[in-house]
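One-letter residues, chain by chain:
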Amino acid sequence: MADGHSFNNISLSGRGGTNPGLLKINSGGIQWKKQGGGKAVEVDESDIVGLSWMKVPRTNQLGVKTKDGLYYKFIGFRDQDVASLTSFFQSAFGKTPEEKQLSVSGRNWGEVDLNGNNLTFLVGGKQAFEVSLADVSQTQLQGKNDVLLEFHVDDTAGANEKDSLTEISFHIPNSNTQFVGDETRPPAQVLHDRIMAVADVGAGIEEAVVTFDGIAILTPRGRYSVELHLSFLRLQGQANDFKIQYSSVVRLFLLPKSNQPHTFVVISLDPPIRKGQTMYPHIVMQFETDSVVESELSISDDLLNTKFKDKLEPSYKGLIHEVFTTMLRGLSGAKITKPGKFRSSQDGFAVKSSLKAEDGVLYPLEKGFFFLPKPPTLILHDEIDNVEFERHVAGGANMHYFDLSIRLKTDHEHLFRNIQRNEYNNLYSFISSKGLKITNLGGAGTAEGVAAVLQEEDDAVDPHLERIRNQAADESDEEASDFVGGEDDDGGSPTDDSGGEDDDSDASDDGEGEKEKSIKKESKKETKSLPPKKKAVATEEEGSSKKRKVKRKKDPNAPKKAMSGFMYFSQMERDNIKKIHPGIGFGDVAKVLGDKWRQMSAEEKEPYEAKAQVDKKRYEDQISDYKNPQPMLVDSENESDSN
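Source: prediction; values computed, not measured.

Visitor: What exactly am I supposed to notice about the sheet that holds strand β9 (residues 111-115) here?
Guide: Strand pairing in a sheet relies on backbone hydrogen bonds, with the paired strands running either antiparallel or parallel. An order of β9-β10-β11 is seen for the three strands of this open sheet, with the pairing classed as antiparallel. The open sheet has two edge strands with one neighbour each: β9 and β11 (126-132). With direction set aside, neighbouring strand axes in the sheet form an average angle of 25°. Taken together, the five bridges between β9 and strand β10 (residues 118-123) define a ladder with antiparallel strand orientation. Across the sheet, Val112 pairs through a bridge with Phe121, a residue of β10.

In structure tokens, the structure reads:
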């Protein structure tokens, strides 16, 4: 890349394990995003204060230190990447990465280096391990020579089923020269005080900054007391107690419920919390929209004016869902997503639908779709391969609903059912504006093609019905009929395959009337000889003006019915469909052909329609000659001789 570098499999290291993702480094800064969506890291070039390289087992690690005291560790670089990126950092950022070495001696004694929010343990001048003091929940002095650090017990860290650091202890002898003390203040006390100053931990720090009691949480279900601490979020219920680090909070969603006095607040986590064997990547809270609260933060003025300057206020008053999200955003640094430009037919932010067996609402957002409340499903636009509108088939109410199928690039599919018909135009316009690929039963999506899914059954092209209609005439040729003339009979009037009903009252002369009578007599004789179930009597019932239609045997000399443009298209494409889909059933072939025919433009249909017009003209000429035969020419001389 001319302006940067991109790496597909770089892991972000943390207490919860390592997560692979995509790393992009350009002149604007560093961006990392977890594979499959979720956690993302964005570091602006102006916020970077230090870079470092370290050789770790089988690969290389890039360390990035920011102004906020955060330290990101990216693992998975090759040796040749180190050289190229070092040159790029020097030219683009004006910074030369520091070379660090990893200690592999296994010794557990060395020196402690406090640098910003990081504590590094050095053995022989090389780094043995490094921890973030932002993760420290409490520090205590045990005896005169031991300093104990306790780390947050993060419920999301256990989601990866890996070990998590909870406690570490340092022994500092009185002979230590790095942290010099005196008789009243031993070296261990000096280290303890310095850690407290950096980690912002001390007496009463475990007290919540603010508490919201009796909050209804839909996932995981229950009522919880929600406590916001300086570095973690706590959900305390009657049966469950979750403690979640703010570093696990990916994003906040503030989504009002349509036509209901409630508002969803969703906390997206990466990694998710776990309850038993169930993972919860989203915490779905429900607040009363019109509820007003007034809260004061239990936080020192010094901390408020330094660490949380321009992020938090000493007190808040307003709607409970807005106050909660504002405080959580200030403490965690997570961004808030609200509804975008989409509006439903009732001027709401979501449409009613169902996912699997659960009813809920689907929020079309600017960068994704979010289905709530259960199961909470977030689908980002970047993960979508195509979107398909489908006709909803459920009894006789199919004209009032449709389905929306969203297929991901991973071949996974989400089917949102029972969406009201009047939401189609708004959804289609919104999805089209986002540049998402719309397919309609396998074809490229167009406004006309997608709209066909929502047509009434009488208006839509049904390939199966079309096939049956075109085969009806041919099949009727082989059907048994009760109107069969004798060998000496002239066969009666010719049969019209166009489906018109015969009218006995149209006889033009007595001869024709006599023929009709003889035909009826013959029919009555033959019906008497048939079994009772196969009798077909063409008699008029008393008090009824309707006549039973009688099956006729087709004259083999009658012209063949004209074919439609769709039938010509089917003849040409049927073999291709079978090659593309081996083993496909007959009915499925007709369905695919009908789908392709609907998606074709007028120009693409023109060759087949032209053939149909020619065949129609052929049929009209032949049927005219068939119905109106020319009189035979008789030789008068031969006729007189015979007489």
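Visitor: How do you make sense of the environment of Thr337 when you look at a structure like this?
Guide: Looking at the secondary structure, you find Thr337 in strand β24 (residues 335-337). For Thr337, a relative accessible area of 16% puts it in the buried group. Spatially, the C-alpha atoms of Thr337 and Glu366 are 9.1 Å apart, while their sequence positions differ by 29 residues. Residue contacts for Thr337: discarding those within four places in its chain leaves Arg251, Leu252, Phe253, Leu254, Leu255 and Leu365.

Visitor: Could you clarify how one ought to interpret the sheet that holds strand β16 (residues 222-228) in this entry?
Guide: Taking strand neighbours across the sheet as the criterion, the eight strands line up as β18-β17-β16-β15-β21-β20-β19-β24 in an open arrangement whose pairing is mixed. Edge positions in the sheet fall to β18 (241-245) and β24, since each has one partner strand and no second. Direction aside, neighbouring strands of the sheet carry axes that sit 30° apart on average. Bridge analysis of strand β19 (residues 249-256) against β24 gives three bridges, and the strand direction is parallel. Its bridge partner being in β24, Phe253 is matched across the sheet by Thr337.

Visitor: What should I look at first to understand the environment of Lys33 in this one?
Guide: Position of Lys33 relative to the elements: it lies in strand β3 (residues 29-34). For the pair Lys33 and Pro20, spaced 13 residues apart in the sequence, the C-alpha separation amounts to 8.5 Å.

Visitor: Even after reading the chapter, I still don't get the packing of helix α9 (residues 565-580) against helix α11 (residues 602-627), so can you show me in this structure?
Guide: To characterise two packed helices, one gives the angle between the axes of the helices and the distance between these axes. As a packed pair, α9 and α11 sit with axes 7 Å apart at the nearest point and diverge in direction by 120°. Judged on the interaxial angle alone, α11 and α9 are oblique. Here the hand of the crossing between α9 and α11 comes out right-handed. Between α9 and α11, the contacting residues are Gly565, Tyr568, Phe569, Met572 and Glu573 on the first element and Tyr608, Glu609, Lys611, Ala612 and Asp615 on the second. Of the residues that constitute the contact of α9 with α11, the class distribution is five nonpolar, one polar and four charged.

Visitor: Can you help me understand the environment of Lys335 in this one?
Guide: Its place among the elements puts Lys335 in strand β24. Along the primary structure Lys335 and Leu252 are separated by 83 residues, whereas in three dimensions their C-alpha atoms are 6.1 Å apart. Residue contacts for Lys335: discarding those within four places in its chain leaves Glu42, Arg251 and Leu252.

Visitor: Can you help me understand the pattern of salt bridges in this one?
Guide: Once their charged atoms are close, side chains differing in charge can pair, the charge on each being opposite to the other. Within this structure, the stated rule accounts for 15 salt bridges. Put simply, Asp81 and Arg78 hold a salt bridge, and the shortest N to O gap is 3.1 Å. The class for Asp81 is buried, based on a relative accessible area of 7%. The salt bridge involving Asp595 is made with Arg598; its shortest N-O contact spans 2.6 Å. Here Arg598 and Asp595 lie together in helix α10 (residues 586-599), a separation of three residues that amounts to about one turn. Assessed through its relative accessible area of 7%, Asp595 is described here as buried. What you see here is one network of salt bridges that share partners, running through Glu388, Arg407 and Glu413.

Visitor: Would you take a moment to explain helix α1 (residues 79-93) for this structure?
Guide: The periodicity of an α-helix, 3.6 residues per turn, causes residues three or four positions apart to be oriented the same way. Over its 15 residues, α1 runs 21 Å from end to end, which matches the ideal 21 Å to within 8%, given 1.5 Å per residue. For α1, the set of buried residues is Asp81, Val82, Leu85, Thr86, Phe88, Phe89 and Phe93. Where α1 terminates, the next one or two residues include Gly94, which has phi positive at roughly 70°.

Visitor: Mind showing me how you'd approach the side chain of Thr219 here?
Guide: Following the sequence through the fold, Thr219 ends up in strand β15 (residues 210-219). Apart from the residues within four sequence positions on either side, Thr219 is in contact with Tyr280, His282, Ile283, Val284, Pro373 and Pro376.

Visitor: What should I look at first to understand the confidence of the model for the protein chain in this one?
Guide: Any region with low pLDDT has predicted coordinates that should not be read closely. In the predicted model, the protein chain carries a mean pLDDT of 75, and 74% of its residues have values of at least 70. For the protein chain, per-element mean pLDDT is lowest for strand β33 (residues 443-444), which scores 42, and highest for strand β27 (residues 368-372), which scores 93. Residue range residues 441-447 is modelled with pLDDT below 50. Its contacts to residues more than four positions away, or to other chains, number 15 contacts. Under a pLDDT of 50 for its full length, residues 633-643 has, in the predicted model, one contact with residues more than four places off or in other chains.

Visitor: How do you make sense of the side chain of Gln286 when you look at a structure like this?
Guide: Within the fold, Gln286 resides in strand β21 (residues 278-288). For Gln286, the contacting residues outside a window of four places in its chain are Ala216, Leu218, Lys257, His262, Thr263 and Phe264.

Visitor: Mind showing me how you'd approach the packing of α9 against α10 here?
Guide: Packing of α9 against α10 brings their axes to within 10 Å, and their N-to-C directions diverge by 120°. Looking at the two axes, α9 sits oblique to α10. The two elements α9 and α10 meet at a crossing, and its hand is right-handed. Only Val589, Val592, Leu593, Gly594, Lys596 and Trp597 of α10 make contact with α9, whose side of the interface consists of Gly565, Phe566, Phe569, Ser570, Glu573, Arg574, Ile577 and Lys578.

Parameters at a glance
Residues numbered from 1 in each chain as written. Predicted model: local features only at pLDDT ≥ 70, side-chain atom pairs only at ≥ 80, totals over all residues. Heavy atoms only, no water. Pairing = 2+ DSSP bridges. Helix = DSSP H or I, 4+ residues; strand = E, 2+ residues; numbered from the N terminus. Axes fitted to C-alpha atoms, helices over the stretch in contact; angles between N-to-C directions. Buried < 20%, exposed > 50% of the residue type's maximum accessible area, 1.4 Å probe, protein only. Contact = heavy atoms within 4.5 Å. Parallel < 35°, antiparallel > 145°, perpendicular 65-115°, else oblique. Left-handed = near helix turned anticlockwise from the far one by under 90°. Nonpolar A, V, L, I, M, F, W, Y, C, P; charged D, E, K, R; others polar. Salt bridge = Lys/Arg side-chain N within 4 Å of Asp/Glu carboxyl O. Expected span 1.5 Å × (residues − 1). pLDDT = per-residue confidence, 0-100.

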